[in-house]
Amino acid sequence: MPRVLLIEDDRAVREGVRLALRRQGHDVTAAETGEEGLALLRTFRPDVVVLDLMLPGLSGLEVCRRIRTEDQVPIVMATARGDDTDIVVGLEAGADDYVVKPVQARVLDARIRAVLRRVGGAPNPDGIPKIESHGDDGELTIDRAGLAITRRGVPVALAPSELRLLLTLSASPGQVFSRQQLLEAVWEHSYHGDSRLVDACVKRLRTKMGEPAGRPRYIQTVRGFGYRFQSR
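Residues numbered from 1 in each chain as written. Predicted model: local features only at pLDDT ≥ 70, side-chain atom pairs only at ≥ 80, totals over all residues. Heavy atoms only, no water.

Novice: Lay out the state of the cysteines with the relevant residues and their values.
Specialist: In this structure the tally under the stated criterion is 0 disulfides. Left unpaired, Cys64 is separated from the closest cysteine sulfur, that of Cys201, by 12 Å. The exposure class of Cys201 is buried, given its relative accessible area of 1%. (Disulfide = S-S within 2.5 Å. Buried < 20%, exposed > 50% of the residue type's maximum accessible area, 1.4 Å probe, protein only.)

Okay, structure coming up:
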């Protein structure tokens with residue numbers, strides 16, 4: 001039974017979402033403030049966090065950033081507005097996915113289950129080594145079996161979406177993937193128009209991998225289309 005930490009300040013919304021998720025088979029614990037949510041993160045140990053973006057006091061964005069400094073638990077962000085800026089800022093802060101309020105229970109349940117599947121990484125195509133090195137000096141190591149990434153021997157902590165994106169791209173070096181292809185492969189979203197998820201995740205992944213600003217070595221942008229992984 002997936003353990004869900006719900007951080008939502010509106011009592012009616014909080015109780016409605018908690019009841020709906022329990023009916024879908026989730027074990028739900030709820031918090032009404034960011035501070036309470038951060039405390040529960042350490043004691044409840046959730047499998048996924050559903051985080052309201054517009055919290056009073058400690059904002060949802062700050063909660064997201066603080067979670068990411070110490071934990072790579074999947075985060076699904078809930079926003080009352082479909083404003084592009086709010087969504088992009090939330091995704092760049094570390095959220096794995098998002099839903100727009102009023103939240104539909106079936107949509108949230110689908111997003112939760114999809115993000116949890118990402119914890120298992122990406123399928124390993126035939127012929128791809130379980131452990132591989134990239135870069136002229138082998139600085140980047142990808143352990144597909146152990147789901148571990150190291151750069152120059154130092155572990156790189158990646159959130160589920162970041163890990164699955166890297167595994168997907170690196171499985172086919174040189175192949176160009178459109179944003180829609182990555183959206184479907186990583187996020188399991190079948191609809192168009194959500195390239196924000198892909199672009200924000202690429203930006204976070206590049207930062208964590210120490211990619212030079214404006215001169216990415218591994219995850220390269222193919223202007224007007226998408227991204228590719230360059231091994232050398």
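Following the structure, the description resumes.
Novice: Any chance you could break down the pairing of strand E2 (residues 27-31) for me, citing the residues and the numbers?
Specialist: Examined bridge by bridge, strand E1 (residues 3-7) and E2 share 5 bridges and lie parallel to one another. Within the sheet, the bridge partner assigned to Arg3 lies in E2 and is Asp27. Of the crossover connections in this fold, the one passing from E1 over helix H1 (residues 11-23) to the parallel E2 is right-handed. (Pairing = 2+ DSSP bridges. Helix = DSSP H or I, 4+ residues; strand = E, 2+ residues; numbered from the N terminus. Right-handed = clockwise from strand over helix to strand, strands pointing away.)

Novice: Kindly report on the packing of helix H7 (residues 179-187) against helix H8 (residues 195-208), identifying the contributing residues and their values.
Specialist: Packing of H7 against H8 brings their axes to within 9 Å, and their N-to-C directions diverge by 80°. With respect to H8, the axis of H7 lies roughly perpendicular. The segment H7 lies against H8, with Arg179, Leu182, Leu183 and Trp187 engaging Ser195, Leu197, Val198, Asp199 and Cys201. Here the contact of H7 with H8 is built from residues that sort into 6 nonpolar, 1 polar and 2 charged. (Axes fitted to C-alpha atoms, helices over the stretch in contact; angles between N-to-C directions. Parallel < 35°, antiparallel > 145°, perpendicular 65-115°, else oblique. Contact = heavy atoms within 4.5 Å. Nonpolar A, V, L, I, M, F, W, Y, C, P; charged D, E, K, R; others polar.)

Novice: Please provide a residue-by-residue account of the environment of Val115, values included.
Specialist: Turning to its location among the elements, Val115 is positioned in helix H5 (residues 105-118). Between the C-alpha atom of Val115 and that of Val73, which follows or precedes it by 42 residues, the distance is 9.9 Å. Excluding its chain neighbours within four sequence positions, the residues that come into contact with Val115 are Val48, Pro74, Val76, Asp96 and Pro160.

Novice: An account of the pattern of salt bridges is needed here, citing residue identities and associated values.
Specialist: Opposite charge on two side chains makes pairing possible when the charged atoms of those side chains draw close. The tally for this structure, following the rule as stated, stands at 20 salt bridges. The salt bridge partner of Arg113 is Asp109, with a shortest N-O separation of 2.9 Å. Taken together, the positions of Arg113 and Asp109, both in helix H5 and 4 residues apart, correspond to about one turn of that helix. Residue classification places Asp109 among the buried residues on the basis of a relative accessible area of 10%. (Salt bridge = Lys/Arg side-chain N within 4 Å of Asp/Glu carboxyl O.)

Novice: Account for the side chain of Lys101, with residues named and values stated.
Specialist: Structurally, the position occupied by Lys101 is in the loop between strand E5 (97-100) and H5. Overall, Lys101 belongs to the buried group, its relative accessible area being 18%. Looking at Lys101, its side chain comes within polar contact range of the side chain of Glu8, at 2.6 Å. A distance of 3.1 Å separates a polar atom in the side chain of Lys101 from a polar atom in the side chain of Asp52. In this structure, Lys101 is in contact with Glu8, Asp52, Ala78, Thr79 and Ala80, ignoring residues within four places of it in sequence. (Polar contact = N/O pair within 3.5 Å; in protein donor to acceptor, adjacent residues only side chain to side chain.)

Purely geometric numbers; function is a separate question.
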